[in-house]
Amino acid sequence: TRGEIKDLINGFNAMVKRLKQSQIELAQFERETAWKEMAKQVAHEIKNPLTPMRLNVQQLIAAHKDKSPIFNSIFEKVTSSIITQIEILKNIASEFSNFARMPKLSISKLDAVSVIKETLNLFIEEKREIIFDAKKSEIFINADQDHLKRTIVNLIRNSIQADSTIITVTIDADSGYCSLRIKDNGKGISQENIDKVFDENFTTKTKGMGIGLSLAKRFIDNIGGNISVESTSDAGTTFLLTIPLAE
């Protein structure tokens, strides 16, 4: 082929070659972006259980050093809590290594009151007052227990990092929904940031990754619920979680 047709064919072939290279580069970029996002999520989810595990071990060491008369009781509670957190870490590691994804939701009917009590025990050594006010002795919802615990841990940690000294966790049930409020007396959220707190990668912390609240929102959305900032000021912040009751 000669002349203009040859130039047209050569130009077309060059364009196809450039397009193919662009597709390869785009695919590579998408893979790298996906892996970076996955790495951030895994790092965040691993860090969640590590903090309460450290606090539990410190509590155990202090009780042993002081020769506490209730050491055996503390030992049983702390070791049980640590085993639970290790199981969570194992699940994250297994899912990541098997298919490079965060654990799937394992939805079951569970008592939210019991799960929250167990989760708040992880913060027993924190130097602030954490109050749990359950309006009913049992409130059943359909949720993933590990994800629910991680969501509560995230919110409590946020309150602690907001320099709060009192954190009140209230749970009630009415009109087919469970209402869970986490209220603190910390420094609050600035007005310009209220609409951004659930956005991925948004953080005001120097060492934060900006995915804790976005993961919490994703989980609550997946079980048909809702999470929002009910109120915030320089007197503190209240997060409200509404989750459908189990039938």
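Quick caveat, the model's predicted, so the values are computed rather than measured. (Residues numbered from 1 in each chain as written. Predicted model: local features only at pLDDT ≥ 70, side-chain atom pairs only at ≥ 80, totals over all residues. Heavy atoms only, no water.)

## Focus on empty space enclosed by the protein
Inference 1: Taken as a whole and assessed by the stated rule, the structure comprises 1 cavity of 30 Å³ or more.
Inference 2: In this model, the largest cavity occupies a volume close to 50 Å³.
Inference 3: Residue lining of the largest cavity: N48, P49, P52, Q85, I88, L122, K149, R150 and V153, and that is the complete set.
Inference 4: Elements with a minimum of two residues in the lining of the largest cavity: α1 (3-65), α2 (71-99) and α4 (145-161).
Inference 5: The residue inventory of the lining of the largest cavity, partitioned by class, reads 5 nonpolar, 2 polar and 2 charged. (1 Å grid on protein atoms, 1.4 Å probe; cavity = no way out; pocket = protein on both sides within 12 Å on 5 of 7 lines; lining within 4 Å. Points joined across faces, edges and corners; volume = space filled by probe spheres on them. Helix = DSSP H or I, 4+ residues; strand = E, 2+ residues; numbered from the N terminus. Nonpolar A, V, L, I, M, F, W, Y, C, P; charged D, E, K, R; others polar.)

## Quick word on the pattern of salt bridges
Inference 1: If you walk through the whole model with that rule in mind, you get 5 salt bridges.
Inference 2: With its nearest N and O atoms 2.8 Å apart, the salt bridge here joins E118 to K149. Of the two residues, E118 sits in helix α3 (residues 112-120) while K149 sits in helix α4, which places them 31 residues apart along the sequence.
Inference 3: Residue classification places K149 among the buried positions, given a relative accessible area of 5%.
Inference 4: Between D163 and K187 there is a salt bridge, with the nearest N and O atoms lying 3.9 Å from each other. Of the two residues, D163 is situated in the loop between α4 and β4 (166-174) and K187 in the loop between β5 (177-184) and α5 (212-222); the sequence distance between them amounts to 24 residues. In terms of burial, D163 and K187 fall into one category: exposed. (Salt bridge = Lys/Arg side-chain N within 4 Å of Asp/Glu carboxyl O. Buried < 20%, exposed > 50% of the residue type's maximum accessible area, 1.4 Å probe, protein only.)

## Comments concerning α3
Inference 1: For α3, the full list of buried residues reads A112, V113, V115, I116, T119 and L120. An end-on view of α3 places all buried positions within 165° of arc, on one side of the element.
Inference 2: The inward-facing, buried residues of α3 contact β1 (108-111), β2 (129-134), β3 (140-143), α4, β4 and β5.
Inference 3: The N-cap of α3, judged by a side-chain oxygen 3.2 Å from the amide nitrogen of V113 a few residues on, is D111. (Arc of directions from axis to C-beta. Contact = heavy atoms within 4.5 Å. Polar contact = N/O pair within 3.5 Å; in protein donor to acceptor, adjacent residues only side chain to side chain.)

## Side note on unusual backbone geometry
Inference 1: One non-glycine residue, K67, adopts positive backbone phi at about 50°.
Inference 2: Under the relative-accessibility criterion, K67 is labelled exposed at 70%.
Inference 3: For D163, which is not a glycine, the phi torsion comes out positive at approximately 65°.
Inference 4: Residue classification places D163 among the exposed residues on the basis of a relative accessible area of 54%.

## Some words on a nonpolar patch on the surface
Inference 1: Taken together, the side chains of I5, L8 and I9 present a nonpolar region at the surface, about 300 Å² in accessible area.
Inference 2: For I5, the position within the fold is in helix α1.
Inference 3: Here I5 falls in the partly exposed class, since its relative accessible area comes to 49%. (Patch = residues over 30% accessible without salt bridge, like charges linked within 9 Å, V, L, I, M, F, W, Y side chains within 5 Å. Areas by Shrake-Rupley, 256 points an atom, 1.4 Å probe, with all protein chains shown as cover.)

## Description of the packing of aromatic side chains
Aromatic ring pairs are defined here through the distance separating the ring centres and the angle between the ring planes.
Inference 1: In this structure the tally under the stated criterion is 2 aromatic pairs.
Inference 2: Centre to centre, the rings of F198 and F239 are 6.2 Å apart; their planes meet at 85°, and the pair counts as edge-to-face. Placement of the pair is F198 in the loop between β5 and α5 and F239 in strand β7 (residues 236-244), with a sequence separation of 41 residues.
Inference 3: The exposure class of F239 is buried, given its relative accessible area of 7%.
Inference 4: Sitting over the ring of F140, K109 keeps its end group 5.3 Å from the ring centre. (Phe/Tyr/Trp six-rings, centres within 6.5 Å; stacked < 30°, edge-to-face > 60°. Lys NZ or Arg CZ within 6 Å of the ring centre and 35° of its normal.)

## Description of the pairing of strand β6 (residues 226-233)
Inference 1: Of the pairings in the sheet, the one linking β6 to β7 comprises 7 bridges and is antiparallel in character. Paired with V229 across the bridge in β7 is F239.
Inference 2: Here β6 folds back onto β7, and the loop between the two strands holds 2 residues. (Pairing = 2+ DSSP bridges.)

## Brief notes about the packing of α3 against α4
Inference 1: Two numbers describe how α3 lies on α4: the axes approach to 10 Å, and their chain directions differ by 50°. On the basis of their axis angle, the class for α3 and α4 is oblique. Relative to α4, the crossing made by α3 is right-handed. Here V115, I116, E118, T119 and L120 of α3 lie close against α4, whose contacting residues are Q145, L148, K149, I152, V153 and I156.
Inference 2: Here the contact of α3 with α4 is built from residues that sort into 7 nonpolar, 2 polar and 2 charged. (Axes fitted to C-alpha atoms, helices over the stretch in contact; angles between N-to-C directions. Parallel < 35°, antiparallel > 145°, perpendicular 65-115°, else oblique. Left-handed = near helix turned anticlockwise from the far one by under 90°.)

Worth remembering: the numbers are spatial, not functional.
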